[in-house]
Amino acid sequence: MQLQLPEPAAEALAASDTLRQHIANDIRVHDGWISFARYMELVLYTPQWGYYSGGAAKLGAEGDFTTAPEITPLFGATLAHFAADLMAQTDFAMLEFGAGTGKLAFDILTELAAAGCLPKTYAILELSGQLRAQQQETLRTFPQVVWLDRLPQAFTGVIIGNEVLDAMPVNLVVRTHTGWMERGVVLNDAGQFMFGDRACEPALVAQIPLAENVPVGYITEVHPVAAGFMQSVAHMINQGSGAAAIFVDYGFPAHEYYFDERNTGTLMCHYRHHAHTDPFYLPGLQDITAHVDFTAMAMAAANAGLDVLGYTSQAGFLLGAGIGKLLLRTSPDDAKTYLPQSRAVQKLTSPAEMGELFKVLSVGKAVAWPEHQLPYDRTHRL
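This report concerns the structure included in the present document. What you are looking at is a predicted structure, and each value in this text was computed from that prediction instead of being measured. (Residues numbered from 1 in each chain as written. Predicted model: local features only at pLDDT ≥ 70, side-chain atom pairs only at ≥ 80, totals over all residues. Heavy atoms only, no water.)

Even without a glycine there, the phi angle at Q48 is positive, about 80°. The residue Q48 is located in the loop between α2 (36–45) and α3 (68–71) in this model. By relative accessible area, which is 58% here, Q48 ends up exposed. (Helix = DSSP H or I, 4+ residues; strand = E, 2+ residues; numbered from the N terminus. Buried < 20%, exposed > 50% of the residue type's maximum accessible area, 1.4 Å probe, protein only.)

Right, dumping it as structure tokens:
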């Protein structure tokens, strides 16, 4: 089916075609088949042409998608107060993965500055050169901010990852009459991308609960790359003297992720605020994501020596952390200012909007989870 989406500029089309040829060559080099995780890695992270590394990534109202920090500064302000409580237990340092436009960091640092508890350093690990330049402009008034090219060997403090895990490459698997197959990417006779299946490694199937009971035709994702990232984060934290990592993303615990009804997986593409399911459309010009298996992420961290501090909905986390009180810093009598902020908070916390789909997973070491979060905790559902 032909997608009816906005046409990109000629320059963007040329860049996408260059990336398409690069991926096609990679497929040929690998005997005509690459895993979907490899395809997703190339589409998103190939230097110069990938979506996140080549300048195509766009956030906000004019871009491909909107994140919570773009909706309201109260999201960052709430995280700032929460982080301040945790930093008091560890060290006044912060690390953010994939900081986007820098809006979240700006809101966090602005709120911490007003509260008189700025961190000594606010490190950002950013893969996109375009976004790093944008962040440097947005955060130019905060000398505490430094940019990293790789994970530090050790870290003590508070780590933030907002919509980071969903952008990590996933492997696709499908249940067939003869067993599980891994769904990768091949070229058809016309040189176009298409799906192709081959025998699946048992380690991939092992991540799916009750995989032997899944019906024929069931397609889903597994997350070894994200699990490996969580293990690397755990190693970094274990080398420090106490830290908490807070990951905000959309997803489910495993027993919900692999529902029988979710039989086509969660893979989704985003192009100029249009969501669709064709990962081969304009490589490099659209985002490709999958929902997060939070059980797999928590297990990866725990198996690497971290504590699972908390798991809850975004609504529960924000309400427990005091977003309602921060909203009331603006008087409801000032309707012109208050109502837009109120609507933004509603979007972040409503079960019909982002409040339930988005979850918050926190892992760490030598940190006590705040009591105000305990009524919202769902760790038992992981």
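After that view, the rundown keeps rolling.
Turning next to the sheet that holds strand β13 (residues 287–289). Read from one edge of the open sheet, three strands run β12-β11-β13, paired in antiparallel fashion. This sheet does not close on itself; its edge strands, each paired only once, are β12 (274–276) and β13. Put simply, the sheet's adjacent strands are angled 25° from each other on average, direction ignored. Bridge count for strand β11 (residues 268–271) against β13 is three bridges, and the pairing is antiparallel. Its bridge partner being in β13, M268 is matched across the sheet by T289. (Pairing = 2+ DSSP bridges. Axes fitted to C-alpha atoms, helices over the stretch in contact; angles between N-to-C directions.)

Another aspect to go through is the pattern of salt bridges. The final tally for this structure, using the stated rule, is 11 salt bridges. The partner of R183 in a salt bridge is D197, with the nearest N and O atoms 2.8 Å apart. You can see R183 sitting in strand β7 (residues 179–187) and its partner D197 sitting in strand β8 (residues 193–199), a full 14 residues away along the chain. On the basis of relative accessibility, which here comes to 34%, the residue D197 falls in the partly exposed class. Here K347 and E353 are joined by a salt bridge, their closest N and O atoms 3.2 Å apart. (Salt bridge = Lys/Arg side-chain N within 4 Å of Asp/Glu carboxyl O.)

Let us look at the pairing of β11. Taken together, the three bridges between β11 and β12 define a ladder with antiparallel strand orientation. Bridged to C269 within β12 is H276. Counting the residues in the hairpin turn of β11 and β12 gives two residues, including R272, whose phi is positive at 50°.

On to the packing of aromatic side chains. Centre distance and the angle of the planes are the two values used to describe a pair of aromatic rings. Tallied over the full model, the rule gives 19 aromatic pairs. For the ring pair Y39 and F280, a centre distance of 5.3 Å and an interplane angle of 85° mean the geometry is edge-to-face. On the criterion of sequence distance, the pair formed by Y39 in helix α2 and F280 in the loop between β12 and β13 is long-range, its members being 241 residues apart. When the ring of F195 is compared with that of F280, the centres are 5.0 Å apart and the planes differ by 50°; the resulting orientation is tilted. Separated by 85 residues along the polypeptide, F195 in strand β8 and F280 in the loop between β12 and β13 bring together distant segments of the chain. Taken together through their ring pairs, the aromatic side chains of F36, Y39, F193, F195 and F280 make up a single cluster. (Phe/Tyr/Trp six-rings, centres within 6.5 Å; stacked < 30°, edge-to-face > 60°.)

Note that every value here comes from positions in space, so none of it alone points to a role or purpose.
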